[in-house]
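Residue-level structural notes
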Amino acid sequence: MAFDYDLFVIGGGSGGVRAARVAAAEGAKVAIAESSRMGGTCVIRGCVPKKLMVFASSYHESFEDARSYGWDVEDGAFDWNAFSGHLNIELDRLEGVYRSLLDGSNVEIFDSRARLADAHTVELADGTQKTAKHILVATGGRPVRPDMPNAHLGIVSDDIFHLPELPKRLLIIGGGYIACEFACIMNGLGVEVTQFYRGAQILRGFDDEARGLVAEMMREKGINLHLGTNIVDMAEASADHTIPNTSTGTDAAMGAPVAEHAAQATSGSGGPVWVKATNGTEAVYDAVLFATGRNPNTADMGLEEIGVEVGRRGEIVVDEYSQTAVPSIYAIGDVTNRVQLTPVAIREGMAFVETVFKGNPTPIDHDLIPSAIFTQPELGTIGLTEEEAREQEPVEIYCTSFRPMQSAFAGRTDRVLMKLVVAKESRKVLGCHIVAPGAGEMIQLAGIAVKMGATKEDFDRTVAVHPTMSEELVTMKTPMRVA
Ligand code: NDP
C-alpha cells in the first residue's frame, strides 16, 4: 500500500521536531502537525521563557551585591511590560528558527490539530486525512488544576508568561519543580510570594539534605513557605467577603487581610482571589498559581478507539523502543509520562529514528539522567539520593555545606551544598547532589563522570580547580556519614 508519508508526527515540540528532522535527513518523507505554536512546551511556555525569567529575577540581588564590590549602582524598578515584550520577540524568533529548520529538512508542516483515524491514518482538524507508514505521537502534556470548586480562578504555568502585570501577592500551590522555580522567580521580581506544599518538605523525591537547604534558602530570601498546608477553598474576593466567625483569622504573612483586598486587584486571572487553607487561615491574593503537576495530552486523540493502550493518568503506554500496542504507532516525550524532561524527549525521538529508519533497534536509556531545578540557588542532581542508596547497599556520604566566596563577600548568609553518595564496596559514586548558583552547569559535567561509573577515587585523582565551589567535589576526604 502506498502511503502519503513515511512518517507523520503529531506534535511540534522538542521531541517531535527532532524526530521529524532526523527521519527526513535519512530520506524519509515526513509531515508534522502542530495545533499551537511550533516549539511546544519547552520553547514557548516552559524551559526557555522560564530560564529567561530566572535571569531577569536574579538581577535584584546582583544590584545589591555589586555595591559590596565597589560599584555605585542604584536599585532600579523592574518593568514587566518591557521584559515580556522582549521575551515575546525572542519566542517569535525561536519559533521561526524551528519552522525554518523543518522547512530546510523538507518536512511538511500542518498548522492544525491532528488525531488518529486508524493505524496508518491521521485526521486533521478540517477533516482531511493523511496516511503514513509510521505515526509518531509527541503531543506533550499540560498543567492540571486540582479538582476543587473554583479552581478556574487560579492560573497555571502557561499563563505566567501572558500576565498583563505582575501580581503584588502570589500564592503558589505545589512543591515540585514548577512551584519552586516560580516561587524564586517571582520573589526575585519583587512579588510577595506565599507557597503551600501539602507534604513535609518540598521537592519530594530529591535528596533530603539538598531539598532541605533549598527550602531554607527560599525562606531566607523572603518566600513564605508553608509546609503541610494546602488550599481547601477559593472564591473571587469581593467587598462583601467576610471572614467566618469560626476562622482562626487572617495570617498577615499569607497574603492580604480580607478587608484590604478590594482596592488592590491586579490579578492575571481577572481579580483578587480569597483562599482558605487547611490550617484554617484565610487571605486574599492577587493571583493563585497551581503548579500541581502535568498530565499527558491524549484526550480526544482517537487512541483507544484504534487499540493504543492508555494508562491511568492518560499516558500512552509504550515499550522500550517507544512503540505502542499498535505496531505502526510510536509515542515519545511527556505524552508517555516516563521522564518529563525536554532532553529525554529528544533522546527518545532520536532512538525512535535509529530504530525505525536506520534499522538499528535502540532502546531508551533512562538511567542516571542529570537534571537541575532552577531555584535560587539551583539544585543539580544525578543518580541516587542518600535515602535511596542506603536502602540499596552500604554507603559513605561525603558532604560539605559552606558560604561561597562571592555572596559571603557581599555579606550574604547564603550556603551551598556539595554531596557525593558513594557505594562502600564498589567505591562507585552513586549520586551527586549540588545546591549552588550554577548547579545546573556543574551537574552536567559531574554527570558525565557518574554516568561513566566513576569511583570516589577517580573524583579524588582529579586536581581541583581553584578557587571554585565545585572543587569540593574532588577534595572531600572523610565521609560525613557511613550507613
Ligand atoms: P511535579 O510533579 O514536579 O510537582 C507537582 C506538585 O504538586 C507536587 O509537589 C505535588 O505534591 C503537588 N500536587 C499535586 N496534586 C496536588 C493537589 N491536588 N493539591 C496540592 N498539591 C498537589 O510537577 P510540576 O508541575 O512542578 O512539573 C511537571 C514536570 O515538569 C516535572 O515533573 C518535571 O519533570 C518537569 N519540569 C522540569 C523542569 C526542569 O527540568 N528544571 C522545570 C519544570 C518542570 P506531592 O509531592 O505531594 O505529590
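Please refer to the structure placed before this passage.
The rules behind these values
Residues numbered from 1 in each chain as written. Predicted model: local features only at pLDDT ≥ 70, side-chain atom pairs only at ≥ 80, totals over all residues. Heavy atoms only, no water. Salt bridge = Lys/Arg side-chain N within 4 Å of Asp/Glu carboxyl O. Helix = DSSP H or I, 4+ residues; strand = E, 2+ residues; numbered from the N terminus. Phe/Tyr/Trp six-rings, centres within 6.5 Å; stacked < 30°, edge-to-face > 60°. Lys NZ or Arg CZ within 6 Å of the ring centre and 35° of its normal. Pairing = 2+ DSSP bridges. Axes fitted to C-alpha atoms, helices over the stretch in contact; angles between N-to-C directions. Buried < 20%, exposed > 50% of the residue type's maximum accessible area, 1.4 Å probe, protein only. Parallel < 35°, antiparallel > 145°, perpendicular 65-115°, else oblique. Left-handed = near helix turned anticlockwise from the far one by under 90°. Contact = heavy atoms within 4.5 Å. Polar contact = N/O pair within 3.5 Å; in protein donor to acceptor, adjacent residues only side chain to side chain.

1. Things to note about the pattern of salt bridges
Think of it this way: side chains of opposite charge can pair up when their charged atoms draw near. Applying the stated criterion across every chain, the model contains 33 salt bridges. Note that K50 and E181 form a salt bridge whose closest N and O atoms lie 2.7 Å from each other. Here K50, found in helix α3 (residues 47-68), pairs with E181, found in helix α6 (residues 177-188); they are 131 residues apart in sequence, far enough to count as distant. Ionic contacts of the salt-bridge type, sharing partners, join the residues E61, E64, D65, K221, R412 and D414 into one network.

2. Details of the packing of aromatic side chains
Within the structure shown, the criterion is met by eleven aromatic pairs. Feature note: the residues Y5, F8 and F110 constitute an aromatic cluster, connected by ring pairs. Of note, K29 hangs over the ring of Y5, and the distance from its end group to the ring centre comes to 5.1 Å. The ring of Y398 carries K456 above its face, with NZ or CZ at 4.3 Å from the centroid.

3. Focus on the sheet that holds strand β14 (residues 287-290)
Remark on secondary structure: sheet strands pair via backbone hydrogen bonds, oriented parallel or antiparallel. Reading across from one edge, β10-β9-β8-β14 is the order of the four strands in this open sheet, with parallel pairing throughout. Edge strands, defined here as strands with exactly one partner in the open sheet, are β10 (224-227) and β14. Put simply, the sheet's adjacent strands are angled 15° from each other on average, direction ignored. Of the strand pairs in this sheet, strand β8 (residues 169-173) and β14 are connected by four bridges, and their pairing is parallel. Residue pairing in the sheet places L171 in a bridge with V288 of β14.

4. Some details on the pairing of strand β12 (residues 273-277)
For β12, the buried fraction is high: four of the five residues fall into the buried class. Pairing of strand β11 (residues 231-236) with β12 involves five bridges; the strand directions are antiparallel. Pairing of M234 across the sheet is with V275, part of β12. By the bridge criterion, four bridges tie β12 to strand β13 (residues 282-285) in an arrangement that is antiparallel. What sits directly across from W274, in β13, is V284. Taking the residues that link successive antiparallel strands as the turn, the β12-β13 hairpin has four residues, and the phi of G280 there is positive, at about 90°.

5. Quick look at the packing of helix α1 (residues 14-25) against helix α8 (residues 342-357)
α8 packs onto α1 with a crossing angle of 30° between their chain directions and a minimal axis gap of 8 Å. Overall, the two elements α1 and α8 adopt an arrangement that is roughly parallel. Like other packed secondary-structure pairs, α1 and α8 cross with a definite hand, here right-handed. Residue-level contacts link S14, G15, R18, A19, V22 and A23 of α1 to T342, A345, I346, G349, M350, F352, V353 and F357 of α8.

6. Thoughts on the sheet that holds strand β20 (residues 416-423)
Strands sit in the order β17-β18-β21-β20-β19-β22 across an open sheet of six strands; the sheet is antiparallel. Edge positions in the open sheet fall to β17 (371-373) and β22 (481-482), since each of these has one partner strand only. Pairing of β20 with strand β21 (residues 429-436) involves six bridges; the strand directions are antiparallel. Across the sheet, the residue bridging to V421 is G431, located in β21. Here helix α7 (residues 208-220) sits on the sheet in contact with β18 (378-383), β19 (395-402), β20, β21 and β22, set at roughly 170° to β20.

7. Some remarks on the side chain of R211
Mapped onto the elements, R211 comes out in helix α7. Only 3.1 Å separates the side chain of R211 from the backbone oxygen of Q201, close enough to count as a polar contact. Within polar-contact distance, the side chain of R211 engages the backbone oxygen of F206 at 3.4 Å.

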